[in-house]
Amino acid sequence: MPDPKFLYQNSVFFENLLEHRFLFDLRRELVLADPPQLLNVLKSDVDAFGFDLVLSVASRSLHAQMKTRSGAPPPNPYELSESLWSLPNACAIWMLYDPAKLEPMSYYLLGLPMPPIEDFKPSSRHGYRRVKMQKSNHLRLSIAELAQVLFPGGAQQDVQRDGFATR
């Protein structure tokens, strides 16, 4: 397992690595669905507008803020830009991963629809809200379950094994 200090010092690298893994897993899940669905991904150079990714399948597009977290959901809140609430089909996706294997364990999803912005305390940072993962609309999802919530319809029945969908 990489040393936690090494993970912290190289957090941008690991966030990018895990984001690529997430996009691979989501694309694989959707393309293996019945009927197959193709995922188009647009990546923001700067997430100043509250989102990192625009995920599109057919006519459905989602603005997503992507977060990664090793281990269990933290007791402290994350800061999410208030502008996320003004976007159509906005969401925040947290990937919990095993730091020893750099493998996704589960996903948390806030949004679709976004809860009222007033449910979250303003941050000391102007234009941001303090959001705890535990307040997500969907908790501990597998990639198959997340794909179904993000892009409903078309996903075939999956066999569950160790909490993750298999085909």
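Residues numbered from 1 in each chain as written. Predicted model: local features only at pLDDT ≥ 70, side-chain atom pairs only at ≥ 80, totals over all residues. Heavy atoms only, no water.

## A closer look at the environment of S70
Right, so step 1: For S70, the location among the structural elements is in strand 3 (residues 60–70).
Right, so step 2: With 63 residues separating them in the primary sequence, S70 and L7 have C-alpha atoms 9.8 Å apart.
Right, so step 3: Residues in contact with S70, not counting those within four places in the same chain, are Y97 and P99. (Helix = DSSP H or I, 4+ residues; strand = E, 2+ residues; numbered from the N terminus. Contact = heavy atoms within 4.5 Å.)

## With respect to the side chain of H63
Right, so step 1: In this structure, H63 sits in strand 3.
Right, so step 2: Here H63 falls in the buried class, since its relative accessible area comes to 16%. (Buried < 20%, exposed > 50% of the residue type's maximum accessible area, 1.4 Å probe, protein only.)

## Concerning the layout of surface pockets
Right, so step 1: Estimates place the volume of the largest pocket at around 700 Å³.
Right, so step 2: In terms of lining residues, the largest pocket is bounded by 31 residues, among which S11, E15, K67, T68 and R69 are the most central.
Right, so step 3: A breakdown of the residues in the lining of the largest pocket according to their chemical character gives 13 nonpolar, 8 polar and 10 charged. (1 Å grid on protein atoms, 1.4 Å probe; cavity = no way out; pocket = protein on both sides within 12 Å on 5 of 7 lines; lining within 4 Å. Points joined across faces, edges and corners; volume = space filled by probe spheres on them. Nonpolar A, V, L, I, M, F, W, Y, C, P; charged D, E, K, R; others polar.)

## Things to note about the environment of K135
Right, so step 1: Note on placement: K135 falls in the loop between strand 8 (128–131) and strand 9 (138–141).
Right, so step 2: Separated by 20 residues in the primary sequence, K135 and P115 place their C-alpha atoms 9.4 Å from one another.
Right, so step 3: For K135, the contacting residues outside a window of four places in its chain are L110 and F120.

## Brief notes about the sheet that holds strand 4 (residues 78–81)
Right, so step 1: Judged by pairing direction, the sheet is antiparallel, and its 3 strands sit side by side in the order 4-8-7 without closing on themselves. Pairing within the sheet leaves two strands with one partner each, and these edge strands are strand 4 and strand 7 (121–122).
Right, so step 2: The pairing of strand 4 with strand 8 spans 4 bridges and is antiparallel. Looking across to strand 8, one finds that E79 is bridged to R130. (Pairing = 2+ DSSP bridges.)

## What about helix 3 (residues 143–150)?
Right, so step 1: Taken together, the buried positions of helix 3 are occupied by I143, A144, L146, A147 and L150. The buried residues of helix 3 occupy an angular sector of 160° when the element is viewed end-on, so they sit on one face. (Arc of directions from axis to C-beta.)

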